[in-house]
Each structure stands twice: as structure tokens, then as C-alpha cells.
Amino acid sequence: MGVVASAPAKIILFGEHFVVYGEPAIVLAIDKRAYAEAEQRNDKRLCLRSVNLNLAGYFENGTFKIEQGDAKEAKSKFEPIKLAVAKVLEKHGENVGLNIQINSTVPVAAGLGSSAAVVAAVTAAVGALLNVKMSKEDVFRTTYESEKIVHGTPSGIDPAISTFGGTLLFQMDTGFKPLEVKADIPLVIGDTGVERSTRAQVEKVRSIKEKYPQIVEPVMLAAREIVLRAIDALKENDLETLGELMNINHALLYGVGVSDESLEWLVNAARKAGALGAKLTGAGGGGCMIALTKNEELERVFEAIQRVGGKPFMARKTDEGVKIERT
Ligand code: MEV
């Protein structure tokens, strides 16, 4: 039996996309986790298996061999993991072979940070297995470096929340600050089931911003103001204001082109069913939306999302970032 580590998925409450350009964002870790188990091999192979994606293959002498599933998909999913493992091995000072098994409860390519959660869990598991001292800051850095391969120009928000957990105010130049949120934030998450690439969505915003700088810059300022207001509303547990701010934030994201029909159906259904506010979360273009909902309306909003074809689930915030589950 090997070492097992886990890391949480996340939802972005406010500020996705604009965070890539230095604006603040509010993100919280949720109780859906990715698990990674690592054990040492006698040879130098890096064998990877994703139980939930039905993918398996190994890297050896710089080449990748597929063992289960689609080779292209496996390579793109495993590449950032390989990079993170290489960084831990560098610290270890010796190249050793490893079996790594991933088991994730986080929907993939849905805006919930599944890739960062997986890489953070793998990094921590391999570090603990090889007795390489990895602080949380090290896990964050390693995960961030490998995320750059998948996402192009990521802000670092996904690796930060998967590593540290809790509720964070995140900004690229100043880093992150834990936000104290005592109250529960009752949310229904709706998965459109439409998978999309974060990189493509980030590129879409970049090209709109380049084409219409004078229009998009005020949009970014508005997004900043939303985050500042939301910090106070979170402190005061003012759910009505938070809901309104979510609706405005969604409109801004729609404006820069990252909503789509599947998201609009779910967002509108949630609002009609009584949600205080609803918006897409993460990269958009499909993926997930979130609906802030009074406890007594949760069931109704859940059912409304289901009725229009979404896959709803309830999520709770968690303070637990990356952690070793078993040594
Ligand atoms: C993805 O979870 C969030 C984006 O803002 C991209 C990023 O911050 O790296 C869309």
C-alpha cells in the first residue's frame, strides 16, 4: 500500500477571468476531493492510472506509452502530473520509478479546478512517499508551474485553493489572503455536462479585450468593485447582496463571451426557482454554474436545474486544503 494524499476542488464566487489581468477574486474550497496514491517501483517508469477517467499509461526514457483509453487524452491529462513529479524528484535528488493512481470525485473540465486538485494531491503524495520536505508553499508552486502547461496563462487561483483550502481573496500580484466567513454559503452547483478547455476560454477573453480595450477595461473595474462589495457582504452574512452581486458578475462574464446556452438555461432556471443569485463559475463556455440559495429553497433550485438538463449537486465549503490521508 502506498501513500495517499488528497486536495479539494473549488468554486470561484467572484472574479474569474478578470483575475488573470490582476483583478481580485474570491474563491472557496468545496468538499469534493481528488485522491492520489503513490508507491515506489523497482524500475524507473512513471506509471499513471486515473480510475475515474479510465486512463492508464507510463512515461519511460522521455516517451509515453498508453495502456488504457485514448492516447492523446491520456497524454494531455498526465503531462502536468509528470512535470510535478519531476519537480519532486529533483528535490529528492534521485530518479525513481513510481506507480500513481488517481481517483477524483471532481467533475472534469467543469470549472471546478479538477486538474489543480489532482496535481496538488499527487505532489503531496510523492513528496511524503520519498520523505521530501514539501511545505504547502512548495506544493502550491509545483502545482502552479505544471498548471501553466494546461492553461497557458493561469492566474494561480486553482493551485492556491487546492493547496490551502478555505475561502481566499486572491490577487496575482499580492497573492492570497484567507477570508473569514463564519456563515454557511448555501449553494447549488449545476454541471452543464459540457466540457471545455480553460485555455480556450481565457484566450477568448484576451482577444475581446485586445479588440475593445476601452470597453473591457471598465468591465474589469466593475468586477473589482463587485469583489470589494462582496468582501463586506460575506463578513455581514448578507446573502441578498451576495446574490445580486453574483447576478451582475454573471452579466459581465456574459459580456466578455464566456457564457453559453447551456449555462444560460441553468442560471435562468435557478433564478426563476428562487435562487438569490446565480452565475457561471470558473472558465465558462459550459462547465458549472452556482446558485446562492436560502436553505429552504435549496431543494426547489436543485430540481429546477435538473429539469432543464443540468446535473445539480450541493456542496459545502471546506477549510481542508491538500493533506496526507495515509502514509
Ligand atoms: C479558472 O478556474 C479560472 C480562470 O480565471 C483562469 C485562471 O484564473 O487561471 C478562468
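Here, every reference points to the structure presented above.
Residues numbered from 1 in each chain as written. Predicted model: local features only at pLDDT ≥ 70, side-chain atom pairs only at ≥ 80, totals over all residues. Heavy atoms only, no water.

With respect to the environment of Glu 37
Considering the arrangement of structural elements, one finds Glu 37 in strand β2 (residues 25-40). Separated by 36 residues in sequence, Glu 37 and Met 1 place their C-alpha atoms 8.5 Å apart. Beyond its immediate chain neighbours, meaning those up to four positions away, Glu 37 contacts Met 1, Gly 2, Val 3, Val 4, Asn 99, Ile 100, Gln 101 and Arg 326. A polar atom in the side chain of Glu 37 sits 3.0 Å from the backbone nitrogen of Gly 2. (Helix = DSSP H or I, 4+ residues; strand = E, 2+ residues; numbered from the N terminus. Contact = heavy atoms within 4.5 Å. Polar contact = N/O pair within 3.5 Å; in protein donor to acceptor, adjacent residues only side chain to side chain.)

Topic: empty space enclosed by the protein
This model, assessed by the stated rule, comprises one cavity of 30 Å³ or more. Estimates place the volume of the largest cavity at around 40 Å³. Leu 28, Ile 30, Asp 184, Ile 185, Leu 187, Ala 315, Arg 316 and Lys 317 together form the lining of the largest cavity. Its residues placed into classes, the lining of the largest cavity shows five nonpolar, no polar and three charged. (1 Å grid on protein atoms, 1.4 Å probe; cavity = no way out; pocket = protein on both sides within 12 Å on 5 of 7 lines; lining within 4 Å. Points joined across faces, edges and corners; volume = space filled by probe spheres on them. Nonpolar A, V, L, I, M, F, W, Y, C, P; charged D, E, K, R; others polar.)

Things to note about the nonpolar core
Formed by 59 residues in total, the largest nonpolar core has its most connected members in Ile 11, Leu 13, Phe 14, Ile 26 and Met 289. Sort the elements by how many residues they give to this core and helix α6 (residues 213-235) lands first, with 10 residues. In terms of domain composition, this core takes at least three residues from each of domain 1 (3-179) and domain 2 (187-315). Filtering out sequence-adjacent residues up to four positions away, Met 289 remains in contact with Val 188, Ile 189, Gly 190, Leu 263, Leu 266, Val 267, Ala 270, Ala 278, Lys 279, Leu 280, Thr 281 and Ile 305. In this structure, Phe 64, Val 88, Val 96 and Leu 98 belong to the second largest nonpolar core, which totals 35 residues. (Core = buried A, V, L, I, M, F, W, Y, C linked by side-chain atoms within 4.5 Å. Buried < 20%, exposed > 50% of the residue type's maximum accessible area, 1.4 Å probe, protein only. Domains from an automatic or database assignment.)

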